[in-house]
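Fold and geometry: a report
Now for the letters of each chain:
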Amino acid sequence: MDLDAFRTLLTPAGRGALDEAVKILADGADPVAAASAMRRGHPADLAAAALTQASLRRRAEAKFGPDAAVMYFTPHGLEQATRPEVAAHRAARIRAAGLPADGTRADGTRADGTRADGSPAHGKPEGGPDVLDVCCGIGGDLLALTRAGCRVDAVDLDPLTVEIARANAAALGLSGLAQVRTGDAALTDPGGYGLLFADPARRGARGRTFDPMAYSPTWPIVLDLVARAPAACLKVAPGIPYEFIPEGAEAEWVSYRGEVKEAAIWTGMGPGVRRATLLPSGATLTASGAEAETGPVSRYLYEPDGAAVRAHLVAEVAALVSGRLVDPRIAYITSDRLVRTEWASCYEVTDVMPFSLKRLRAVLRERRVGVVTIKKRGSAVDVERLRKDLRLSGGNSAVIVLTRIEERPFALLCRPVTSANG
């Protein structure tokens, strides 16, 4: 979709075509029939744009819920947009931090050292601070920030993306707190804002990139923006190497319903800690200096949530369940106690054996196991190849955990524990 085609969707005729496309798809028409039906009443370009947008709205329902029915998307924009629950969590943290509205320090000077008339440009707002949102995309975080009461100036390089973000703010009644414009993040000045929010693009011509130096803007440019901002929140990939985290910054990994979604780097918001956060509960865990012992596999095996693993907080989770590591370099915890915690999945161990395909196959056949869930950490075994080689049959199920213990490959047979009592 080009910019002109999208702007046509915002006209009365375009909205009518989009409503019609939504209804046609809801009635179950296949793509060919839907395109033919739309072209009978609309120009080909408008029909195609409306059907594309209607299809994206249907896909977006899983992420954006009811808001998707009035929002606008691009395929990449939808894929890369922050889940509303994660964006709302960050926005709530920013609102609760009590940051100055515009980056003014306690002595009345701005973050860039300037001072217009001896007093701050703005008083403390009733809502959140002024936020500069660079690389705003279709506006996932922009919407959450404005809903939290922040005034947001949003910037993106792509004119179509800017137009979509602006339209989304308008569709949800948030335009009063949001300004969206086309611009280069590297040329912005974060010094006059209470907080910089940056979501550098992590996708290039070859697809998704995991190297911060290949972000757009690149990591040095992002860090320069951070250095000039009184406070900042950087949205980054969960796998960001630790050496890229600025000294003194907080790094937070966020898991939503058991899946690690992303990480955020916070500056100017308090002491630098490693933090894991679980959503939707909002539970949070920070480094305590705990050290986990290592010992033999006991009755229960705990698999820490990925956010705790990424944040190097496995020892803290082990302390919660009175557990120890099965291996000092593997994030599996074992304990004699059954403990209720949202920080780990729990399995009851039935067998511990050095890994042997022949032995594992024999045990599963003897127990008539036809369905297995295979988990692994520290194992080089190809899971899909193993699944085929096991030649499963039977009506029972099991969990196979492949891991390493003292440099030797092991297989643990387990069953999930659905509830735990302390």
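Calculation criteria
Residues numbered from 1 in each chain as written. Predicted model: local features only at pLDDT ≥ 70, side-chain atom pairs only at ≥ 80, totals over all residues. Heavy atoms only, no water. Core = buried A, V, L, I, M, F, W, Y, C linked by side-chain atoms within 4.5 Å. Buried < 20%, exposed > 50% of the residue type's maximum accessible area, 1.4 Å probe, protein only. Contact = heavy atoms within 4.5 Å. Pairing = 2+ DSSP bridges. Helix = DSSP H or I, 4+ residues; strand = E, 2+ residues; numbered from the N terminus. Salt bridge = Lys/Arg side-chain N within 4 Å of Asp/Glu carboxyl O.

The subject of this paragraph is the nonpolar core. Across soluble globular proteins, nonpolar side chains show a tendency to be buried alongside one another. Met38, Phe64, Phe73 and Leu195 are the most contacted members of the largest nonpolar core, which has 59 residues in total. When near neighbours in sequence (up to four residues on either side) are disregarded, Phe73 contacts Gln53, Leu56, Arg57, Ala60, Phe64, Ala68, Leu78, Ile138 and Ile164. Within the second largest apolar cluster, 47 residues are counted, among which are Ala229, Ala251, Trp253 and Leu325.

Looking at chain direction, strand E7 (residues 232-236) and strand E9 (residues 259-267) are connected through 5 bridges and run antiparallel. Among the inter-strand pairings, Lys235 is bridged to a residue of E9, identified as Ala264. Two strands pair when backbone bridges link them, and strand E8 (residues 250-256) and E9 are joined in this way by 7 bridges, in the antiparallel orientation. Within E9, the position partnered with Ala251 by the bridge is Ile265. Joining the antiparallel neighbours E8 and E9 is a turn of 2 residues, in which Arg257 adopts a positive phi near 50°.

Before going further, it helps to examine the pattern of salt bridges. Scanning all chains against the criterion turns up 26 salt bridges. Ionic pairing is found between Glu250 and Arg93, a salt bridge with its closest N-O pair at 2.7 Å. On the criterion of sequence distance, the pair formed by Glu250 in strand E8 and Arg93 in helix H6 (residues 84-96) is long-range, its members being 157 residues apart. Look at Glu250 and you get buried, because its relative accessible area is 4%. With its nearest N and O atoms 3.0 Å apart, the salt bridge here joins Arg299 to Glu348. Of this pair, Arg299 sits in the loop between strand E11 (284-286) and strand E12 (300-304) while Glu348 sits in strand E15 (residues 344-354), and the two are 49 residues apart along the sequence. The exposure class of Glu348 is buried, given its relative accessible area of 16%. One network of salt bridges, with partners in common, ties together Arg90, Asp141, Asp199, Arg202, Lys235 and Glu262.

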